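# Reading the structure
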Amino acid sequence: MAIRLIQLRARLQVLEEEFNLSREILIQLYKEVLGESPPKGMLPFSEDWYSTWQPNIHSSLFMGYYQIFSKYTELSPLELLIKSYEMYLEEVSRHCNYDKNHPFFSITRAWMMLKMMKYNHPMLRMTRCNECQGNFVTRADDSLGFHKNFVCGLCNMPARAGKTKVQQ
Ligand SMILES: [Zn+2]
């Protein structure tokens, strides 16, 4: 599973947290699988990212698969992540010029998002759109009361949606 995660370009921090293997062994494995050193630096950690228009569509698509597999299979949490992410990649590569080596929505982002949903005080959750009835990633905090009347980014598309380059 570690090899599959590396092939899907999960960051080293994901592997360190998920497997009881030393950093040295994981770096070695990374080099053997991809022929390069793992990227350095902090993990992308901002719940705001998932609420912006394009990231929201991608992360909600991933969560659609994740919820189906969680409900109808006996997969382990890591298998669920991998399987759902593979389905997500397959779907987007069918629609756009998608570079699988530099995916817009990375498996590390997917992994982070799932963690943010499972905290004792979750930062993100799924909310049903009042128009299309689809489930979308939203902030967990509902102090502004928007969950009840939530309308997704596809039903209420901003004028410039998809035309500007979103920071990855
Ligand atoms: Zn909608």
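Calculation rules
Residues numbered from 1 in each chain as written. Predicted model: local features only at pLDDT ≥ 70, side-chain atom pairs only at ≥ 80, totals over all residues. Heavy atoms only, no water. Core = buried A, V, L, I, M, F, W, Y, C linked by side-chain atoms within 4.5 Å. Buried < 20%, exposed > 50% of the residue type's maximum accessible area, 1.4 Å probe, protein only. Helix = DSSP H or I, 4+ residues; strand = E, 2+ residues; numbered from the N terminus. Domains from an automatic or database assignment. Contact = heavy atoms within 4.5 Å. Phe/Tyr/Trp six-rings, centres within 6.5 Å; stacked < 30°, edge-to-face > 60°. Lys NZ or Arg CZ within 6 Å of the ring centre and 35° of its normal.

### Details of the nonpolar core
Judged by nonpolar contacts, the single largest core of 42 residues is most densely connected at F62 and F105. At the level of elements, α1 (2-7), α2 (12-18), α3 (23-34), α4 (53-72), α5 (77-95), α6 (107-118) and β1 (124-128) are the ones that each hand at least two residues to this core. Both domains that meet at this core, namely domain 1 (1-42) and domain 2 (44-159), each give it at least three residues. Once residues lying within four places of it in the same chain are set aside, the contact partners of F105 are W49, Y50, H58, S59, F62, Y85, Y88, Y98, A110 and M113.

### With respect to the packing of aromatic side chains
Inspection of every chain in the model, using the stated rule, returns 11 aromatic pairs. Seen in terms of ring centroids, F136 and F150 are 6.4 Å apart; in terms of plane orientation they differ by 50°. Their pairing is tilted. One end of the pair, F136, is in strand β2 (residues 135-139); the other, F150, is in the segment after β2, and 14 residues separate them in sequence. For the residue pair F136 and F150, the accessibility class agrees, reading buried in each case. Among the aromatic residues, those joined into a ring-pair cluster are W49, Y50, F62, Y66, Y85, Y88, F104 and F105. Lying across the ring of W49, R109 places its NZ or CZ 3.9 Å from the centre.

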